[in-house]
Amino acid sequence: MYDTLEKVRADLDARLEAAAGDRRSPMHTPVVATADADARVMVLRGFDRLSWTLRFHADARSPKVTAVEDDPRIAVVAYDKAAGVQLRLRGRGRIERAGTAVDAAWAESTNFARRFSLGAGPGAASEGPTSGLPQQFEGAEPDDGELLPARLNVALLLVKMEEADWFSLAHTGHRRALLTRDGGQWIAP
Ligand SMILES: Cc1cc2nc3c(=O)[nH]c(=O)nc-3n(C[C@H](O)[C@H](O)[C@H](O)COP(=O)(O)O)c2cc1C
């Protein structure tokens, strides 16, 4: 029973931590919208409840990276159908291309996943259907040396949350709350 804002905040934190840590979580792949009126599904890789920061991985050459650098406003939407909970998170994004957090993101990937940063950049035109990968890596895992150029294409999108709109569906009456890092209030669904 969500009858206090403290319970709502605990639910938000628990859901985002589970979403980042569990690939079977329904909120593991939220929709991330940028200020250029574009949106796409991304894997949520991390959530830090103290700094209220979400972490995503992206190709540094992708249009969304340019969009965030032009205008940092971000919205993230996630929905857990079984729980009937929608999260609409608003905040400011920043791109990191180097540093310990990027090194850690690279370290946590497998060579199989890293190879996606080797090919053509997201959105590059092609004369036919393409994975964008160099042909020799279509189904094969490159070695560490072959992957060195890919490292330059890895970027982090870090979203510092400013507001979380938490919505819970219920037959008896929906509940909705707007939370900031330090406060919050109930609002009509
Ligand atoms: C299930 C799923 C997960 C995805 N995860 C990511 C991701 O973590 N990072 C990413 O950059 N793109 C991810 N994508 C691809 C994006 O949705 C998008 O197509 C691509 O990044 C290009 O986006 P852009 O043109 O807006 O930059 C994912 C797509 C799907 C379907």
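Our subject is the structure listed above.
Calculation criteria
In this numbering scheme, every chain counts its residues from 1 along its sequence in written order. The model is predicted, so local features are restricted to residues of pLDDT at least 70 and side-chain atom pairs to those at 80 or more, both for listing and for counting; the totals for chains, interfaces and linings are taken over all residues. With hydrogens and water excluded, all non-hydrogen atoms of the structure serve as input to the side-chain values. The aromatic pairing rule takes the rings of Phe, Tyr and Trp, using the six-membered ring of Trp, and pairs them if the centres are within 6.5 Å, calling planes under 30 degrees apart stacked, those over 60 edge-to-face and the rest tilted. Helix and strand assignments follow DSSP, with helices taken as H or I runs no shorter than four residues and strands as E runs no shorter than two, numbered in order from the N terminus. Exposed residues in this analysis have more than 50% of their type's maximum accessible area, buried residues have under 20%, and partly exposed residues fall in between, with area computed by a 1.4 Å probe over protein chains only. To estimate how far a helix should reach, multiply one less than its number of residues by 1.5 Å. Residue types Ala, Val, Leu, Ile, Met, Phe, Trp, Tyr and Cys, when buried and joined through side-chain atoms within 4.5 Å, form a set referred to as a nonpolar core. The contact rule is simple, with two residues in contact once any of their heavy atoms fall within 4.5 Å.

Peer 1: Just checking my understanding: could you explain the packing of aromatic side chains for this structure?
Peer 2: Given two aromatic rings, their pairing is described by the distance between the two centres and the angle made by the two planes. If you walk through the whole model with that rule in mind, you get one aromatic pair. On the numbers, 4.7 Å between centres and 75° between planes, the contact of Tyr2 with Trp166 is edge-to-face. One end of the pair, Tyr2, is in the segment before α1 (5-21); the other, Trp166, is in strand β7 (residues 154-168), with 164 residues separating them in the sequence. With a relative accessible area of 0%, Trp166 lands in the buried category.

Peer 1: Explain α1 here, please?
Peer 2: Each α-helix winds once per 3.6 residues, and so residues spaced three or four apart point in a common direction. With 17 residues, α1 extends 24 Å between its outermost C-alpha atoms, agreeing within 8% with the 24 Å of an ideal straight helix rising 1.5 Å per residue. Buried within α1 we find Val8, Arg9, Asp11, Leu12, Asp13, Arg15, Leu16, Ala19 and Ala20.

Peer 1: What is the right way to read the nonpolar core from this model?
Peer 2: Nonpolar side chains in soluble globular proteins tend to end up buried together. Grouped together as the largest cluster of nonpolar side chains are 32 residues, with contacts concentrated most on Leu12, Leu16, Leu54, Phe56, Leu89, Leu157 and Met161. When contributions to this core are tallied by element, the ones reaching two or more residues are α1, β4 (53-59), α2 (63-70), β5 (73-80), β6 (85-96), β7 and β8 (175-179). Here this core gets six residues from one element, more than from any other, and that element is β7. Excluding anything up to four places from it in sequence, Leu54 contacts Leu16, Leu44, Gly46, Phe47, Val76, Leu89, Leu157, Leu158, Val159 and Met161. Formed by ten residues, the second largest nonpolar core is a distinct cluster that contains Val102, Ala105, Trp106 and Val154.

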